[in-house]
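# Coordinate analysis (summary)
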Amino acid sequence: MATITKRGKATVSGIPGSFDVIIYPVLQTGKLNQNFEEDVVKDFLGFDVAWNARNEHYLGDFAFKLLGDTQANANAGGVFLAPYATVTLSGFDLATFNGVYQNISGGDIDLGNTKVGDLASKLRRYADATQNTLANTIPA
Amino acid sequence: MAAGNKPSESERKTAIKEYHDAASKAEKAVVMKKYPFLVHIFSEGNHS
């Protein structure tokens, strides 16, 4: 694979990395969004004086193009993941992206008559390791 | 899936690759039967 030639200030560019359950589609864009629930308490004049944050998690939004070395491979990429399927991301330059995620509602497969098909995947990872393990454990 | 039936990482990778490489829905169903844990990974498996 060709590499980017860089000079000057270092930059983060491109989005190299892999998804263990998505083999053939090629990643185009990836975005992580930080979320947590807040409980903010005000004083008697209405000014915030106490802050409680819970359930910090990251919502991932990843877009792929449906490609493959063969037509069968290209077709194979156009599938939905099961609800809460475990998806492991690795090899990303930014360590924040790497980790174990669960598949959440909102995935898309998008076809058009004059364009290469799109696949979009929505994922969630909890910041707390114990909580994240629980989120990816199938009950016995 | 019971904890004792948890697939190893290599088994998981092999199964996922076989699922993706199966060219037809019928072939994917065969892979699904071979690796029952795949129903927890691919949604299609729950409906075939």
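Up top you'll find the structure we're talking about.
Right, let's walk through the structure included here. (Residues numbered from 1 in each chain as written. Chains lettered and ligands numbered in written order. Predicted model: local features only at pLDDT ≥ 70, side-chain atom pairs only at ≥ 80, totals over all residues. Heavy atoms only, no water.)

### Comments concerning the side chain of A:Asn103
Residues and elements named next belong to chain A.
- Along the chain, Asn-103 turns up in strand S5 (residues 99–103).
- Here Leu-81 takes part through its backbone oxygen, which lies 3.2 Å from a polar atom of the side chain of Asn-103.
- Separated by 3.0 Å, the side chain of Asn-103 and the backbone oxygen of Ala-82 make a polar contact.
- Contacts of Asn-103, omitting those with residues within four sequence positions, involve Leu-81, Ala-82, Pro-83, Tyr-84, Ala-85, Ser-121, Lys-122 and Leu-123. (Helix = DSSP H or I, 4+ residues; strand = E, 2+ residues; numbered from the N terminus. Polar contact = N/O pair within 3.5 Å; in protein donor to acceptor, adjacent residues only side chain to side chain. Contact = heavy atoms within 4.5 Å.)

### Points about the pattern of salt bridges
Residues and elements named next belong to chain A.
- Following the criterion strictly, the structure yields nine salt bridges over all chains and no others.
- Ionic pairing is found between Lys-122 and Asp-61, a salt bridge with its closest N-O pair at 3.0 Å. Taken together, the positions of Lys-122 in strand S7 (residues 115–126) and Asp-61 in strand S3 (residues 48–65) put the pair 61 residues apart, joining distant regions of the chain.
- What you see here is one network of salt bridges that share partners, running through Lys-65, Asp-110, Lys-115 and Asp-118. (Salt bridge = Lys/Arg side-chain N within 4 Å of Asp/Glu carboxyl O.)

### Re helix H1 (residues 9–21) of chain B
- Here H1(B) is 13 residues long and its end C-alpha atoms lie 18 Å apart, about the 18 Å a rise of 1.5 Å per residue gives.
- Listing the buried residues of H1(B) in full gives B:Arg12, B:Ala15, B:Ile16, B:Tyr19 and B:His20. Burial along H1(B) is one-sided: seen end-on, the buried residues are contained in an arc of 130°. Exposed residues pointing more than 90 degrees away from the buried face of H1(B) are listed as B:Ser10 and B:Lys13.
- Where H1(B) is buried, its residues contact helix H1 (71–76) and strand S4 (86–90) of chain A together with helix H2 (25–34) of chain B. (Expected span 1.5 Å × (residues − 1). Buried < 20%, exposed > 50% of the residue type's maximum accessible area, 1.4 Å probe, protein only. Arc of directions from axis to C-beta.)

### Points about the packing of H1(B) against H2(B)
Residue and element names in this part refer to chain B.
- H2 packs onto H1 with a crossing angle of 165° between their chain directions and a minimal axis gap of 8 Å. The orientation of H1 relative to H2 falls into the category roughly antiparallel. Between H1 and H2 lies a crossing of left-handed hand. Along its contact with H1, which presents Ala-15, Glu-18, Tyr-19 and His-20, the element H2 presents Lys-28, Val-31, Met-32 and Lys-34.
- Looking at side-chain class alone, the contact of H1 with H2 contains four nonpolar, one polar and three charged residues. (Axes fitted to C-alpha atoms, helices over the stretch in contact; angles between N-to-C directions. Parallel < 35°, antiparallel > 145°, perpendicular 65-115°, else oblique. Left-handed = near helix turned anticlockwise from the far one by under 90°. Nonpolar A, V, L, I, M, F, W, Y, C, P; charged D, E, K, R; others polar.)

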